[in-house]
Amino acid sequence: MGDKIMKRMGLLWQTFLSVVKIVCQSRQATRLPSDFANKDELLILANGPSLQQTVDHAPNFVADKTLLAVNFCVTSPLFERLRPQLYLIADPLFWIVPEKRQQLFGTLAKKTTWDMHLFVPARALKNKEWKPLLADNPHIKLCIYNTTPIEGFQGFCNWVFRHGWGVPRPHNVLIPSIAIALRLPFRSIYLAGADHSWLPEIRVTDDNIVLMHQKHFYDQGTSQAATVTQEDLHSARLYTILYHMYVAFKSYFVLDAYARSLGKEVINITPGSYIDAFKRMRV
């Protein structure tokens, strides 16, 4: 009984803090797009190493879905081949590191020759240097979303997510991608390239430097283990990396409960994925 009371008190405190965060951080988001060729099924193209395999082995499955790409997918030939209708970015380093900003937005402006909705976090509006990079491309339509981290009672979280005032703590781009997708008309949301198989890729050197090999479908064979850069541009310690993983994997259970409350489902089609929250399916 004592544990239940303590858990409930913890959820109550998290709910209160989330309300404060909404008041202080959330902005009025732009209107969501609604015109999709397939309004029932969305495929989120995460950047894990298995994505290329899924696209190559199940072209018919991919072809008839509305597609959402993320982060650096644009640097791959797959971007122009699949022509995603939706694109979402979340990494704060895009606003902090000039090289990353130029690589992402410059390439988007150059390669996008079809109408595409680009979801950008509200916090990016504080930075004025990325918008001019997209200004000459009439095909890219901006949609602003809130990344305010929301925790607390599941019913409260569902209500906040539906209004777009926040998302589960966004420690990776897949979390806001799923949260945004559940606000769109799609009934089934599929995840490809969501490997999340980072645990075996972590090591600590004799100098106590934490290295992590973050593999993507577009850099297989060239990527190398490196330190994990935080928002303050310092290298993350092991406890920070593992804590962020804990938060991310927990957030998927929050999103699964949110999806079920809407009568929708999130389906993981990624072979060998470490995510244990969503229904699995082979394609």
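Just above, that's the structure.
Worth saying up front: this structure is predicted, and the values here are computed from it rather than measured. (Residues numbered from 1 in each chain as written. Predicted model: local features only at pLDDT ≥ 70, side-chain atom pairs only at ≥ 80, totals over all residues. Heavy atoms only, no water.)

Chemist: Looking at this model, I keep getting lost on the sheet that holds strand β9 (residues 265-268). Mind explaining?
Modeler: Within a sheet, neighbouring strands are paired by backbone hydrogen bonds and run either parallel or antiparallel to one another. Strand order in the open sheet formed by 8 strands is β5-β4-β3-β2-β1-β6-β9-β10, and the pairing between neighbours is parallel. Each edge of the open sheet carries a strand with a single partner, namely β5 (140-145) and β10 (279-280). Here strand β6 (residues 188-192) runs beside β9; their pairing, made up of 4 bridges, is parallel. Note on β9: the bridge partner recorded for Ile189 is Val266. Each of β1 (41-45), β2 (66-70), β3 (86-88), β4 (116-121), β5, β6 and β9 touches helix α9 (residues 174-181); the most contacted strand, β1, lies at about 170° to it. (Pairing = 2+ DSSP bridges. Helix = DSSP H or I, 4+ residues; strand = E, 2+ residues; numbered from the N terminus. Contact = heavy atoms within 4.5 Å. Axes fitted to C-alpha atoms, helices over the stretch in contact; angles between N-to-C directions.)

Chemist: I tried to follow the packing of aromatic side chains on my own but got confused; where do I start?
Modeler: Two descriptors summarise a pair of aromatic rings, namely the distance from one centre to the other and the angle between the planes of the rings. In total, this model carries 16 aromatic pairs according to the counting rule given. Ring geometry for Tyr243 and Tyr246: centres 6.0 Å apart, planes at 35°, overall tilted. Of this pair, Tyr243 and Tyr246 both sit in helix α10 (residues 238-261), 3 residues apart, which is roughly one turn of the helix. Judged by its relative accessible area of 47%, Tyr246 falls in the partly exposed class. (Phe/Tyr/Trp six-rings, centres within 6.5 Å; stacked < 30°, edge-to-face > 60°. Buried < 20%, exposed > 50% of the residue type's maximum accessible area, 1.4 Å probe, protein only.)

Chemist: Where do I start with the nonpolar core in this structure?
Modeler: The tendency in soluble globular proteins is for nonpolar side chains to be buried as a group. Of all hydrophobic cores here, the largest spans 50 residues; its most connected members are Ile44, Ile178, Leu191, Tyr252 and Phe278. Looking at this core element by element, the count peaks at 8 residues for α10. Those residues in contact with Ile178 that lie beyond four places of it in its chain are Ile44, Leu191, Tyr252, Leu255, Val266 and Phe278. Membership of the second largest hydrophobic core comes to 37 residues, among which are Leu51, Val62, Ala122 and Ile269. (Core = buried A, V, L, I, M, F, W, Y, C linked by side-chain atoms within 4.5 Å.)

Chemist: What exactly am I supposed to notice about the environment of Asp195 here?
Modeler: Here Asp195 is to be found in the loop between β6 and β7 (202-204). Sequence spacing of Asp195 and Phe119 is 76 residues, and the spatial spacing of their C-alpha atoms is 22 Å. Not counting residues within four places of it along the chain, the set of residues in contact with Asp195 comprises Gly48, Pro49, Ser50, Thr270, Pro271, Gly272, Ser273 and Tyr274. At a separation of 3.0 Å, a polar atom in the side chain of Asp195 contacts the side chain of Ser50. (Polar contact = N/O pair within 3.5 Å; in protein donor to acceptor, adjacent residues only side chain to side chain.)

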